[in-house]
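Geometric and topological summary
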Protein chains: 2
Amino acid sequence: MLFFTQCFGAVLDLIHLRFQHYKAKRVFSAAGQLVCVVNPTHSLKYAPTRCAAVQASTEQGVLPPCHHHEVVHDPQLVPCTCPLFSCPWEGHLEVVVSHLRQTHRINILQGAEIVFLATDMHLPAPTDWIIMHSCLGHQFLLVLRKQEKYEGHPQFFATMMLIGTPTQADNFTYRLELNRNQRRLKWEATPRSILECVDSVISDGDCLVLNTSLAQLFSDNGSLAIGIAITTSKVHSSEAEM
Amino acid sequence: MLFFTQCFGAVLDLIHLRFQHYKAKRVFSAAGQLVCVVNPTHSLKYAPTRCAAVQASTEQGVLPPCHHHEVVHDPQLVPCTCPLFSCPWEGHLEVVVSHLRQTHRINILQGAEIVFLATDMHLPAPTDWIIMHSCLGHQFLLVLRKQEKYEGHPQFFATMMLIGTPTQADNFTYRLELNRNQRRLKWEATPRSILECVDSVISDGDCLVLNTSLAQLFSDNGSLAIGIAITTSKVHSSEAEM
C-alpha cells in the first residue's frame, strides 16, 4: 500500500514539475531555451566560514594556500576550496566541477541561454538554489540565495561565478532576466571567479537583489523563473550604448 | 565681500554641475540624449497623508471626490490632488502639470530618451528627486525616493507615473536603466497613473528598488544617472521574447 502511495506521489511530482516547466517555457519562449527546475538547498553554513578565515588571514598579510590569486593562473599548482558549502573538501580548480556534481549533486546544463526555475521561494532563509551552466567552453555556477541581511527581512540575491580564475572571468558578461506581468528586470555584469567568496559578493550587494515583494511580483505559484545568458565581453563597449 | 564670495560659490556650483552633466553624457552617450541634473527635495510629508485618508475612506465604501476613478475618464469633471506633497491643492487632471511646475518648481523635459542625474544621494531619508518628462504627447512624472522601509536601512525606489488616467497609462511602457562599471540594471514596466498613490506603489515595491550598496555601485561622486525611455506598449508581445 505504501509503495502505491509513494508511486502516486512521484507521478504527481512529475506532473507538477512538467507543468512548471511548461509555464516557464511559455514566459521565456525563445526557441531552444532550456528550462531547468532547481529545487532549494537548505544552507548548512552561515556559521563562521572558510571565507571569514580567508579574509582574516588576508588582513594579516597571510594568504591561505587555497586563495593564492597571484599563483592561480597556473591551475596545476593551485588548490581551491568549494566555496558554497561547509564541506571540508579541498581540490584543484579543474576538479571543482566534478566535486560539485558528485558530492553536492548540482546539475550541469549546456547552452548559451537557459531558464533557471527556482521552486519553493517561500522557504525560510537561509536557502540556496544552485546550478552549473556549461557554456562557451567554461563552467559557471549560478547561485540564488534567500538571506536575511536585515533581521526579519529576507531578500533574494542572484549571482553567477566562473569556475575559473578572475582573469578568465573578465572575458565574460552574464545576464539575469526576470519577466512577468508586464514587468521586466535585467541585471548584467562580469561574473566573479569562484576563487572569490560568494558570501562576500552577496554581502557587498554586487549582484541582482530582490526584495520579497519584488520576488513575489515575478514569481508564479511559488517559483521564480530567471533567464540566464552568457556572452564574451567586448571590451565593454556596451557602456556607451543605451 | 559677501557678494563676491557668493558669486564665487555660484561659479563653482556651475562648474560642478557642468562636470556632472559631462560625466553623465559620457556614460549615456547615445546621440540626442538630454541629461538633466535633478537636485533632491526633502519630503515634507510621511505624516498621515491624503493617501491614507483615501484608503481609509475607500475601505469604508466612500470614495473622496478626488479619487473617483470611475468618473476620471472625463477629466473636465474630476478634481485631482497632487500626490507628492503635503500641499492642500486640489485641481483637475489637466492642470496638475502647471501646478507641479509653478508651485513645486518641478522641471519638465522633452524627448523620448533622457538621463536623470540625481545629485547628493548621501542625503538622509526621506528624500525625493522628481522630474516631469514630456513624451509621446503625454506628461510623465519620475520619482526617485530614498526611504527607510526598514529602520536604519534606507533604500532607493524609482518609478514613473503618467499624468493621466489608468487607462491611458496602460498604453505605455517605461524603462529605467543604470549603467556603470561594467554593470547594468534595467527595469521595464507599465507606468501607473498619477491618480494612484505614489506612496502605495513604493510600499508595494512595484518599482525599481536599490539597496544602498547597489546605489553606491552605480553612483559616481554622489550622483546617480538613470537613463529613461518611454515607448508605446505593443500589447506586451515583449513577454514572449527574451
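Preceding block: the structure.
Residues numbered from 1 in each chain as written. Chains lettered and ligands numbered in written order. Predicted model: local features only at pLDDT ≥ 70, side-chain atom pairs only at ≥ 80, totals over all residues. Heavy atoms only, no water.

1. What about the overall build of chain A?
Broken down by element type, chain A carries 6 helices and 14 strands. Burial status across chain A gives 50% buried among its 242 residues. Across chain A, every contact between residues at least 6 apart in sequence was considered, and the portion connecting residues at least 24 apart equals 62%. (Helix = DSSP H or I, 4+ residues; strand = E, 2+ residues; numbered from the N terminus. Buried < 20%, exposed > 50% of the residue type's maximum accessible area, 1.4 Å probe, protein only. Contact = heavy atoms within 4.5 Å.)

2. Observations regarding the packing of aromatic side chains
Evaluation of the coordinates by the stated rule reveals 6 aromatic pairs over all chains. Here the aromatic rings of Phe140(A) and Phe172(A) are separated by 5.3 Å at their centres, their planes lie at 85°, and the arrangement is edge-to-face. A residue pair is termed long-range when its members are at least 10 positions apart, and Phe140(A) in strand S8 (residues 138–150) and Phe172(A) in strand S10 (residues 172–180) qualify at 32 residues. Residues Trp129(B) and Phe156(B) carry aromatic rings whose centres are separated by 6.2 Å and whose planes lie at 45° to one another, so their mutual orientation is tilted. (Phe/Tyr/Trp six-rings, centres within 6.5 Å; stacked < 30°, edge-to-face > 60°.)

3. Focus: the environment of Ser203(A)
Summarising the element assignment, Ser203(A) is placed in helix H5 (residues 198–204). With 43 residues separating them in the primary sequence, Ser203(A) and Met160(A) have C-alpha atoms 15 Å apart.

4. A look at the side chain of Arg184(B)
Within the fold, Arg184(B) resides in strand S11 (residues 183–189). In this structure the side chain of Arg184(B) is engaged in a polar contact, spanning 3.4 Å, whose partner is the side chain of Glu177(B). (Polar contact = N/O pair within 3.5 Å; in protein donor to acceptor, adjacent residues only side chain to side chain.)

5. Details of the pattern of salt bridges
Applying the stated criterion to the full structure yields 16 salt bridges over all chains. Each of the salt bridges in this network shares a partner with another, and the network as a whole consists of Arg183(A), Arg192(B), Glu196(B) and Asp206(B). (Salt bridge = Lys/Arg side-chain N within 4 Å of Asp/Glu carboxyl O.)

6. Observations concerning unusual backbone geometry
Leaving glycine out, the prevailing phi sign among residues is negative, and the prevailing peptide bond configuration is trans. Residues and elements named next belong to chain A. The linkage connecting Ala125 with the following residue, Pro126, adopts the cis geometry, with an omega of 0°. Although it is not a glycine, Asn181 adopts a positive phi angle of roughly 55°. Along the chain, Asn181 falls in the loop between S10 and strand S11 (183–189). We classify Asn181 as partly exposed; its relative accessible area is 38%. Of note in this structure, Asn221 is not a glycine but carries a positive phi near 55°. For Asn221, the location among the structural elements is in the loop between helix H6 (212–218) and strand S14 (224–232). Asn221 gets classed as exposed once you look at its relative accessible area, which sits at 58%.

7. Re the pairing of strand S9 (residues 153–162) of chain B
All names here are of chain B. Across the 10 residues of S9, 8 count as buried, placing the element largely inside the fold. Bridge count between strand S8 (residues 138–150) and S9: 9 bridges; the pairing is antiparallel. By the bridge assignment for S9, Lys146 is matched with Phe156. Hairpin remark: S8 followed by S9, antiparallel, with 2 residues in the connecting loop; positive phi at Gly152, about 85°. When S9 meets strand S13 (residues 208–211), the two strands line up antiparallel, connected through 4 bridges. Residue Gln155 lies in a different strand from S13, and its bridge partner there is Asn211. (Pairing = 2+ DSSP bridges.)

8. Overview of the side chain of Arg192(B)
Secondary-structure assignment places Arg192(B) in strand S12 (residues 192–193). Excluding its chain neighbours within four sequence positions, the residues that come into contact with Arg192(B) are Arg183(A), Met160(B), Met161(B), Leu162(B), Ala169(B), Val201(B) and Asp206(B).

9. A look at the pairing of strand S1 (residues 34–38) of chain A
Look at any regular strand and the pattern is simple: side chains alternate between the two faces of the sheet. Residues and elements named next belong to chain A. Here S1 lies mainly inside the structure; 4 of its 5 residues are buried. Note: S1 against strand S6 (residues 113–118), 5 bridges, orientation parallel. The residue bridging Val38 from the neighbouring strand is Ala118, located in S6.

10. Things to note about the sheet that holds S10(A)
Ordered in space as S1(A)-S6(A)-S14(A)-S10(A)-S11(A)-S11(B)-S10(B)-S14(B)-S6(B)-S1(B), the 10 strands form an open sheet in which the pairing is mixed. Looking at which strands have only one partner, the edges of the open sheet turn out to be S1 of chain A together with strand S1 (34–38) of chain B. Neighbour-to-neighbour, the strand axes of the sheet open up by a mean angle of 20°, direction not taken into account. (Axes fitted to C-alpha atoms, helices over the stretch in contact; angles between N-to-C directions.)

11. Comments concerning helix H3 (residues 96–104) of chain B
Residues and elements named next belong to chain B. Turning to H3, its buried residues number three or more, namely Val96, Val97, His99, Leu100 and His104. For H3, the angular spread of buried residues about the axis comes to 165°, placing them on one side. Arg105 occupies a position one or two residues after H3 and carries a positive phi of about 55°. (Arc of directions from axis to C-beta.)

12. Considering the nonpolar core
Phe116(A), Leu144(A), Leu176(A), Leu185(A), Phe116(B), Leu144(B) and Leu185(B) are the most contacted members of the largest nonpolar core, which totals 108 residues. When sequence neighbours within four positions are dropped, the list of residues in contact with Leu144(B) reads Phe116(B), Ala118(B), Met121(B), Thr127(B), Asp128(B), Trp129(B), Phe156(B), Phe157(B), Ala158(B), Leu224(B) and Ile226(B). One finds Val35(A), Val37(A), Val115(A) and Ala225(A) within the second-largest nonpolar core, a separate group that totals 5 residues. (Core = buried A, V, L, I, M, F, W, Y, C linked by side-chain atoms within 4.5 Å.)

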